[in-house]
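Commentary on secondary and tertiary structure
The chain contents come next:
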Amino acid sequence: MAASQAIDLLKEELPVEQGFLVLSGDVKTGLVIVDVVNGFCTVGAGHLAPTAPDKQISGMVDETLRLAKVFCDNQWPVFAFLDSHHPDVPEHPYPPHCIAGTDESKLVPALEWLEHEPNVTLRCKDCIDGFLGSIEKDGSNVFVDWVKTNQIKVILVVGICTDICVLDFVCSALSARNRGFLSPLEDVVVYSGACATFDLPPHVAKTIKAAAHPQELMHHVGLYMAKARGAKVVSEVSL
């Protein structure tokens, strides 16, 4: 069976019904940007960066930029995770990546301006799950505090990778919401057009002894799992 046929079959057997989101000042919404850093998005920037221009990743960056501008123009809250690791603390099973203090762990050039916006909170994280990566040594949680301080009812989640860092964060946020730790948060929304993952076809994975990771299929799986856990998945975000 061809790869495209397999993906079509998967989408038929595991459909992800997607809605749309209209942004307004009526419902307090926060934008959460997950790991849109050079080490995952900029060609040739590191071990886990794309080796050639990637349509899905560049599309994600473009849509994230569009939304970031909307949120900053309206002074709506934005929370951006930046993957950032100590060189002596590996994150198995991945090779060294996004080392703290290097360009790999910085926002992509199109989003660097967010560092200077007053409505933006940046959080360096040293693990896959940004919710866990937001926990301070005293037990407080920077993300939880951000939700409560801004009285956010909806978070709109975008970034990379759909099935890894985005999914793990979404699942933790949903569990925290269900436990009452994220009041007044009501909905976790994932925007499919502003999410992306990497591509590692089976024949390439075999040569480097790694797990295969076909991009389109795993992007769909990530969205499916997020929706199955209770997130809302949308294919369109507008004003």
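One can find the structure itself at the top, above this paragraph.
Before going into details, it helps to say that this report is about the structure given with it. All of these numbers come straight from a predicted model, not from anything done at the bench.

Moving on, we get to the overall build of the protein chain. Helices and strands together make up the secondary structure of the protein chain, namely eight helices and seven strands. In terms of C-alpha radius of gyration, the protein chain reaches 17 Å, essentially the compact-globule figure of 18 Å for 239 residues. Considering only C-alpha atoms, the protein chain reaches an extent of 50 × 45 × 35 Å along its principal axes. Across the 239 residues that make up the protein chain, the buried fraction comes to 48%. Of the contacts made within the protein chain by residues no fewer than 6 positions apart, 75% connect residues no fewer than 24 positions apart. With an accessible surface of roughly 11,800 Å², the protein chain has 55% of that area assigned to carbon and sulfur atoms. One finds the centroid of the 18 positive side-chain charges in the protein chain at a distance of 4 Å from the centroid of its 30 negative side-chain charges.

Right, let's get into the packing of aromatic side chains. Given two aromatic rings, their pairing is described by the distance between the two centres and the angle made by the two planes. Inspection of the entire model under this criterion finds eight aromatic pairs. A ring pair is formed by F71 and W76, whose centres lie 5.3 Å apart and whose planes are at 80 degrees; its orientation type is edge-to-face. Taken individually, F71 and W76 each receive the classification buried, so the pair is uniform in this respect. Here a set of aromatic residues connected by ring pairs shows up, and it is made of F79, F81, F131, F143, W146 and F169.

For the rest of this paragraph, the subject is the packing of helix α6 (residues 165-178) against helix α8 (residues 215-229). The geometry of α6 relative to α8 is characterised by a closest axis approach of 10 Å and an angle of 0 degrees between their N-to-C directions. With respect to α8, the axis of α6 lies roughly parallel. Where α6 abuts α8, its residues L167, V170, C171 and L174 lie against G222, M225, A226 and R229. In terms of residue class, the contact of α6 with α8 is built from six nonpolar, one polar and one charged.

Let's shift gears to the pattern of salt bridges. For the structure shown, the criterion picks out seven salt bridges. Residue K125 is joined to D35 by a salt bridge in which the shortest nitrogen-to-oxygen separation is 2.8 Å. Linking K125 in strand β4 (residues 120-125) with D35 in the loop between β2 (29-34) and α2 (38-41), this pair joins segments that are 90 residues apart in sequence. Residue classification places K125 among the buried residues on the basis of a relative accessible area of 1%. Of the charged contacts in the structure, one is a salt bridge between D187 and K232, with a shortest N-O distance of 3.2 Å. Of the two residues, D187 sits in strand β6 (residues 187-196) while K232 sits in strand β7 (residues 232-238), which places them 45 residues apart along the sequence. Classification of D187 as partly exposed rests on a relative accessible area of 22%. Through salt bridges that share partners, D35, D83 and K125 make up one connected network.

Note that the residue after I160, namely C161, is joined by a cis bond; omega there is 0 degrees. Cis geometry is found at the peptide bond from S183 to P184, where omega equals 15 degrees. With a phi angle near 60 degrees, D35 is a residue other than glycine that sits in the positive phi range. Of note in the backbone geometry, Q75 takes a positive phi value of approximately 55 degrees without being a glycine. According to the relative accessible area criterion, Q75 is partly exposed, its value standing at 46%.

Our next topic: the sheet that holds strand β5 (residues 154-160). Within the open sheet, the seven strands sit side by side as β1-β7-β6-β5-β2-β3-β4. Their pairing is parallel. In this open sheet, the two strands that pair with only one neighbour each are β1 (19-22) and β4. Strand-to-strand, the axes of this sheet are offset by a mean angle of 35 degrees, without reference to chain direction. Running at roughly 175 degrees to β6, α8 makes contact with β6 and β7 of the sheet.

The next thing to look at is the environment of D163. Within the fold, D163 resides in the loop between β5 and α6. Between the C-alpha atoms of D163 and A173, which are 10 residues apart in sequence, the distance is 15 Å. Leave out the neighbours within four places in its chain, and D163 touches T197, H213, M218 and G222. A distance of 2.7 Å separates polar atoms of two side chains, one belonging to D163 and the other to T197. For D163, the side chain forms a polar contact with the side chain of H213, separated by 2.7 Å.

The rules behind these values
- Residues numbered from 1 in each chain as written.
- Predicted model: local features only at pLDDT ≥ 70, side-chain atom pairs only at ≥ 80, totals over all residues.
- Heavy atoms only, no water.
- Helix = DSSP H or I, 4+ residues; strand = E, 2+ residues; numbered from the N terminus.
- Rg over C-alpha atoms; globule rule 2.2 N^0.38 Å.
- Buried < 20%, exposed > 50% of the residue type's maximum accessible area, 1.4 Å probe, protein only.
- Contact = heavy atoms within 4.5 Å.
- Areas by Shrake-Rupley, 256 points an atom, 1.4 Å probe, with all protein chains shown as cover.
- Lys, Arg positive; Asp, Glu negative; His and termini not counted.
- Charge placed at Lys NZ, Arg CZ, Asp CG, Glu CD.
- Phe/Tyr/Trp six-rings, centres within 6.5 Å; stacked < 30°, edge-to-face > 60°.
- Axes fitted to C-alpha atoms, helices over the stretch in contact; angles between N-to-C directions.
- Parallel < 35°, antiparallel > 145°, perpendicular 65-115°, else oblique.
- Nonpolar A, V, L, I, M, F, W, Y, C, P; charged D, E, K, R; others polar.
- Salt bridge = Lys/Arg side-chain N within 4 Å of Asp/Glu carboxyl O.
- Pairing = 2+ DSSP bridges.
- Polar contact = N/O pair within 3.5 Å; in protein donor to acceptor, adjacent residues only side chain to side chain.

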